[in-house]
Amino acid sequence: MIFNKIPFDVIVCGAGHAGCEAALAASRLGASTLLLTGNLDTIAQMSCNPAIGGQAKGQIVREIDALGGEMGINTDVTGIQFRLLNESKGPAVQSPRAQCDKKAYQFRMKHVLELQKNLQLFQATVTALVFESGRVVGVRTNLDIEFRGRSVVVTTGTFLRGLMHIGQNKNEGGRLGDFSARTLSSSFLEAGIELQRLKTGTPPRLLGRSIDFGKMEEQKGDASPTLFAFHDTRDPEDMFHVEQTGESRLGWAPGSDQVSCWMTYTTPRTAEIVRQNLHKSAMYSGEIKGVGPRYCPSIEDKFVRFADKPRHLLFLEPEGRHTNEYYVNGLSTSLPFEVQLEMVHSVPGLENAVLLRPAYAVEYDFAPPTQLFPSLESKKVENLFFAGQINGTSGYEEAACQGLVAGVNAVRKVRAEDPMVIGRHEGYIGVLIDDLVTKGTNEPYRMFTSRAEHRLLFNHGSAELRLEAHARAHRLVSVSRLDRIRAKRSQIDHWIQEFGRRRAGSGQNGSLADAVRRQMTGGGPAASLPEDFCALGSAVQQEVLYRVSYEGYLLREERQIAKLADVEKIRIPADLDFAEVKGLRKESALKLAAFKPFNLGQASRISGVSPADISILMVMLEARRRAGEESASVPRN
Amino acid sequence: MSVLNDTIAALSTPVGTSGLAVVRASGPQCRELFGAVLGGEPKPRLATHGDYRDRSGQVIDDVVGLLFAGPKSYTGEDTLEISCHGNPFIAQKILEDLFARGCRAAEPGEFSRRAFLNGRMDLAQAEAVADLIHARSERAMAAANQQLRGSLGRHLATLTDELLDVLARVEAYIDFPDEDLPPEDRTVVQDALSRLTFGTERLLATEHYGELLREGIKTVILGEPNAGKSSLLNRLVGAERALVSPEPGTTRDYIEERIAIGPHSIRLIDTAGLNPSPAPLERLGMQKTVERASLADLFLLVLDATRPVPPLPDAIGACMTAGNTIVVVNKSDLAQPEFGGAQLPSPTVVRISALNGVGFERLRDEIAARAEAFRVDQGDEVIAINARHADALGRARAALMAARQKLEERGAAELLASDLRDALAAFGEIGGRIDNERMLDRLFATFCIGK
């Protein structure tokens, strides 16, 4: 049956981290939205470790919050341990990270979705997409119910032809205990969308009361936790609206009652067990064809590739307040279950550990993201958007931010508005999407701070200021929050000037700004800060101190951005035939035609495209623009 | 409308010796540049004759500067044209100075591209502009490839490789703070950075050698009137090139000859005599001598064996060192001077007789030895970088020095990385852009990352 006569504006397939943000972003923009999930009980599931944030990812979560997303606040009120990473490497690369109560995180997110206006939730597995003349118009499900939609956002995670490996044992499914989306892949192939395989893995889970924590090193949370949401500008009502209006209170005061993680190490015995059984590993026996991530190697990989390293660090992370389950970070493997048992028992503190779930590797289909526009819309099928692991990424945060962008752009497409495209110079979200659609990826893509050329501008506290223009232009946050952001910005600007004007005082030379700079970057004595400054909110204080002490570097980065800005502004029309451009080298024309770059900036980042090619395109596009102007100004008889 | 906000510069006449060479710049910086290099306020479209002074205030050449105010210029932006003497060395010096002052080397066909984008050419010319860019870039690419296939490419690859290693090391500690990485070892980074700085400096030093190869070693012959400078030159050249007469002060302007000594090309420059009390006519020649001396690579100080050692003008004496000066005692057939107590600028003293040719073999050997010393120690390879390379390498060196300073002051790792990335980008300008993936490849190959 066809469920709806009037199509939804947006149908989101999948309710993982990408799907949730996509559905919320679309419905909050007033679009009628349907969120389909194979299992309503696993909404926003953390399939791997129960943590949000970390290097670069923490900054992404703050950017999501700046764009009105849910991940930040959801982490704050369900987090059970908070740490600010990289305190010593400089303010720009400091990243907040939190362990979350896995179930609380899911329940709260589900409740937010349930209460969201314009959003309908439904449990069904999408089996096929419905196309009409090159565009998507709906989806079919395993219940033989068809849903009509003007746009579709696909967030299949690892479920697309998901295949799990434990040694020689194979199970279909996107996650242990869950199903696999088997037929949807053929829909994509039918539409001419290319698919490839990737692999990822997850470690075993253990029973806490069988672990001897006395043999491990404790890692506590920070005494004053760094949170993800911008609590200083968010509206109080949109902050805890679930807690206030929902039927049950969910979550707790952010940062309260923190729990600990635990550290232990593998032993020579662990290495021996792994080496002896290497041939039984799904990865090493050739069972797995997909490419796995280098930054998250299996324990097999670690012992083989870094044979001289005597031991490897393992982190035990609690999965929640109301469960005794522990995640063993660092022990990802596809070795058979009996080997896993032996391996776990060779680790100090885990001699008698009980395994609750085995480690496994999962292979899944992804659609190489170079087939997407920067809006995350498919180049092949109109109104079809992709977000999350299907684009070859890894990580909850990477998925969530793509979901948000895809959700916003699905609505904008339906409303015939220009897409929201975040620049590489504006935030990690911009870097992520530009890397995906321009370079593609051949391993699960994870964000690192080193991927951003303007990393110094991306300190986590400035996310809201950097993305304010997008939040405003696309109405992603409330007017009252925008007002508070504006007030915060002018307060920051005022104090930066003030620091340049006021004298350092207490026997120091130069301005207050000089003293702060000496203290922060040269190890100078503590600058004495004015009382009225110390009375300001800490977000404002930190941003002022950062901007003052890094002024020279930030200026340098801004100058570099200004230099590149010109080419970023020149759009390339979608219908441009590169083969017809005179003077363009043939191989460049072929590359450009395959990628269909969105603007000259993106074109310049495609490997093999030379500055001369860009010059020629620039001339050609200007000629085209002028020819258009001329013909438009010809008077009609 | 100006599409781009930076100022570009390039030599717009063919490379090589000619009557004149024109260096052209286009962009918002042109007015300011005019004042900085020629002094004074430019009057658009009015030729201004003056000395081109580089950033250190040294005169490079006397030139004609011409400013075209945008939009009435070829590119539609402010444009500065500098006509200098048609000596590739001078043109290159001017170009280098413009780069040092913030100009960027123009891409192939970029002036024409700007002209079109700024509406200075009509639509019909757009295709011609595209063709021009295409043709020039093919040529530039061929030239660049040729250079990179050679030893410059190899040296650059070694430097890039080492820099990627250092950067990967720094980035690993930034991006994976919770990993069980080996303890940070600053000395490893420190050592690598000093090797990198040294390597970059060695490549930079070849710039001058490149000039020496192309232009010959500028060897200035100095001495009192009638000490026999012109006779010496004639003897070395083997022809009656300079006008020789027993009358002092015959050479009022200067005379230049190019000779080969071994594999080296030597430019012999004869000068007017150093006369402590010159006649009015001679004063001009003296002035020129001082100017030539300031640009010299090598000095032959000619003394008359029959006369006491003359005092040297300060401006010249300051240029002479033991390494770049050979004291040539002429007329040694007539007298055996002691020079006791006289201050000579160099201990290398060669006794000759320009009249009968005695001592010339040793003189040639000494010149050859000095010429050899200019050759930077590069083993058997010969590298000669150009101005564009030097510009990029100079920025790489500055970034590396800044990184070393951060390391010393224990500055934040993110700032150290920022400098290292700058250096890498500068290397990339010569040998092609270096993708971040290469750094990540290195990082994951070196460190066991991943819990």
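Rules used throughout
- Residues numbered from 1 in each chain as written.
- Chains lettered and ligands numbered in written order.
- Predicted model: local features only at pLDDT ≥ 70, side-chain atom pairs only at ≥ 80, totals over all residues.
- Heavy atoms only, no water.
- Domains from an automatic or database assignment.
- Contact = heavy atoms within 4.5 Å.
- Buried area = accessible area lost by both parts, 1.4 Å probe.
- Salt bridge = Lys/Arg side-chain N within 4 Å of Asp/Glu carboxyl O.
- Polar contact = N/O pair within 3.5 Å; in protein donor to acceptor, adjacent residues only side chain to side chain.
- Helix = DSSP H or I, 4+ residues; strand = E, 2+ residues; numbered from the N terminus.
- Nonpolar A, V, L, I, M, F, W, Y, C, P; charged D, E, K, R; others polar.
- Buried < 20%, exposed > 50% of the residue type's maximum accessible area, 1.4 Å probe, protein only.
- Pairing = 2+ DSSP bridges.
- Axes fitted to C-alpha atoms, helices over the stretch in contact; angles between N-to-C directions.

Enquirer: Run through the domain arrangement of chain B, naming residues and quoting values.
Expert: Residue and element names in this part refer to chain B. According to the domain assignment, chain B consists of domain 1 (8-120), domain 2 (128-211 + 384-445) and domain 3 (226-255 + 268-371). Summarising the inter-unit geometry, the C-alpha centres of domain 1 and domain 2 are found 29 Å apart. Taken together, the contact between domain 1 and domain 2 spans 11 residues of the former and 12 residues of the latter. Contact between domain 1 and domain 2 buries roughly 940 Å² in total, counting both sides, with carbon and sulfur atoms accounting for 67%. Broken down residue by residue, the surface that domain 1 buries against domain 2 is led by Gln92, Phe99 and Pro108, which jointly contribute 42%. There are 0 salt bridges connecting domain 1 and domain 2. On inspection of domain 1 and its partner domain 2, the count reaches 0 residue pairs in polar contact (both at pLDDT 80 or more). The set of elements that each furnish at least two residues to the side of domain 1 that touches domain 2 consists of helix H2 (88-100) and helix H3 (110-117). A breakdown of the residues in the side of domain 1 that touches domain 2 according to their chemical character gives 5 nonpolar, 3 polar and 3 charged.

Enquirer: Tell me about the pairing of strand S8 (residues 255-261) of chain B, and name the residues and values.
Expert: All names here are of chain B. The side-chain alternation of S8 yields one buried face, formed by Ile255, Glu257, Ile259 and Ile261, and one unburied face, formed by Glu256, Arg258 and Ala260. In this structure, S8 lies alongside strand S9 (residues 264-270), joined through 7 bridges in antiparallel fashion. Bridging across to S9, Ile255 finds its partner in Asp270.

Enquirer: Could you give an account of the interface of chain B and chain A, naming the residues involved and the relevant values?
Expert: In this assembly, 57 residues from chain B lie in contact with 64 residues from chain A. Taken together, the two surfaces of chain B and chain A that pack against each other cover about 5100 Å², and 53% of this comes from carbon and sulfur. There are 7 salt bridges connecting chain B and chain A. Among the salt bridges present, the one from A:Arg451 reaches B:Glu437, with a minimum N-O distance of 3.2 Å. At the surface where chain B touches chain A, the tally comes to 25 residue pairs in polar contact (both at pLDDT 80 or more). Elements represented by at least two residues in the side of chain B that touches chain A include exactly H3, helix H4 (126-149), helix H5 (151-175), helix H12 (413-431) and helix H13 (436-446) of chain B. A per-class count over the side of chain B that touches chain A returns 26 nonpolar, 9 polar and 22 charged.

Enquirer: Which residues make up the side chain of A:His312, and what values go with them?
Expert: Within the element layout of this structure, A:His312 appears in the loop between helix H9 (299-305) and strand S17 (313-318). A residue is classified by how much of its surface remains accessible, and A:His312, at 1% relative accessible area, is buried. Contact partners of A:His312, with chain neighbours within four places excluded, come to A:Thr264, A:Tyr265, A:Thr266, A:Lys302, A:Phe303, A:Phe306 and B:Cys448.

Enquirer: Could you give an account of helix H2 (residues 57-66) of chain A, with specific residues and numbers?
Expert: All names here are of chain A. Most of H2 is tucked away, with 10 of its 10 residues classed as buried. Of the positions making up H2, those classed as buried are Lys57, Gly58, Gln59, Ile60, Val61, Arg62, Glu63, Ile64, Asp65 and Ala66. A positive backbone phi angle near 80° is found at Gly68, which sits one or two residues after H2.

Enquirer: Residue-level account of the sheet that holds strand S7 (residues 126-132) of chain A, with values.
Expert: Residues and elements named next belong to chain A. Read from one edge of the open sheet, 3 strands run S7-S8-S9, paired in antiparallel fashion. Two strands in the sheet have a free side with no partner beyond their single neighbour: S7 and strand S9 (146-148). In this sheet, neighbouring strand axes are inclined to one another by 30° on average, regardless of whether the strands run parallel or antiparallel. Note that strand S8 (residues 135-141) and S9 share 3 bridges and pair antiparallel. Note that in S9 the partner of Arg140 across the bridge is Glu146.

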